[in-house]
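# Per-entry structural report
What follows is each chain in one-letter form.
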Amino acid sequence: MTSAPELTVVQVPVSDPRVRPLLRELGDEYSRRYGKDAHAELARYPDEEFTAPHGGALLLLLDRAEPVAGGAFRRYDADTAELKRMWTHSAHRRRGLARRVVTELEHEARVRGYRRICLTTGPRQPEARGLYLATGYTPLFDTTADPETIGPLPFEKHLKHLEYVKEHTS
């Protein structure tokens with residue numbers, strides 16, 4: 001098994017055939033957790049919102065050319081990217097891949113000039129909630145409340161400027 005740092009990161013359009021497992025598994029997972037067909041939720045945003053000309057991106061992590069994790073962002077406003085479509089293949093979980101996807105998406109958003117990232121996750125996704133808390137996202141909800149009483153759980157993270165990151169990491 002390879003470690004996360006050895007994976008290949010590729011930016012692809014939603015129409016790329018390698019994205020199909022991501023969308024299929026996400027839809028199935030949401031449907032299991034929330035008891036309804038969630039594939040419609042995945043179709044809520046037009047594919048072009050996840051392309052560079054529209055301020056978005058969709059990234060896949062490939063292990064030997066096979067997609068094992070991915071995620072996307074779309075323009076929320078001029079300064080903010082919204083994370084969507086976070087996914088780790090069911091056969092590749094517990095390898096730190098989701099954390100790697102978040103890091104890659106944050107870097108790409110920073111390169112594009114975004115200063116903030118926002119996102120929501122469902123109340124029945126404790127592993128996603130844990131991921132965002134562990135990667136420095138600020139919860140915009142009462143973390144002591146029952147998640148089922150809140151609905152979608154909003155988070156945000158302010159990104160450091162790219163110049164600052166370069167100066168302090170070399």
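Below is a summary of the structure that appears in this document. (Residues numbered from 1 in each chain as written. Predicted model: local features only at pLDDT ≥ 70, side-chain atom pairs only at ≥ 80, totals over all residues. Heavy atoms only, no water.)

Next up on the list: the sheet that holds strand β5 (residues 116-121). Within a sheet, neighbouring strands are paired by backbone hydrogen bonds and run either parallel or antiparallel to one another. What the 7 strands build is an open sheet, ordered β1-β2-β3-β4-β5-β7-β6; its pairing is mixed. Single-partner strands in this sheet number two, and they are β1 (8-11) and β6 (138-139). Direction of pairing for strand β3 (residues 66-77) relative to strand β4 (residues 80-88): antiparallel, over a ladder of 7 bridges. Directly across from Asp77, in β4, lies its bridge partner Thr80. Contacts from helix α1 (residues 20-34) reach β2 (57-63), β3 and β4 within the one sheet, and its direction differs from that of β4 by about 85 degrees. On the sheet, helix α3 (residues 97-111) packs against β1, β2, β3, β4, β5 and β7 (153-158) and is oriented at approximately 40 degrees with respect to β3. (Pairing = 2+ DSSP bridges. Helix = DSSP H or I, 4+ residues; strand = E, 2+ residues; numbered from the N terminus. Contact = heavy atoms within 4.5 Å. Axes fitted to C-alpha atoms, helices over the stretch in contact; angles between N-to-C directions.)

For the rest of this paragraph, the subject is the layout of surface pockets. Of the pockets and cavities examined, the largest pocket occupies roughly 1200 Å³. What lines the largest pocket is a set of 41 residues, among which Tyr30, Met86, Thr121, Gln125 and Ala128 lie closest to the centre. For the lining of the largest pocket, the secondary structure elements donating two or more residues are α1, α2 (39-42), β4, α3, β5 and α4 (126-134). For the lining of the largest pocket, the element with the highest residue contribution is β4, accounting for 7 residues. (1 Å grid on protein atoms, 1.4 Å probe; cavity = no way out; pocket = protein on both sides within 12 Å on 5 of 7 lines; lining within 4 Å. Points joined across faces, edges and corners; volume = space filled by probe spheres on them.)

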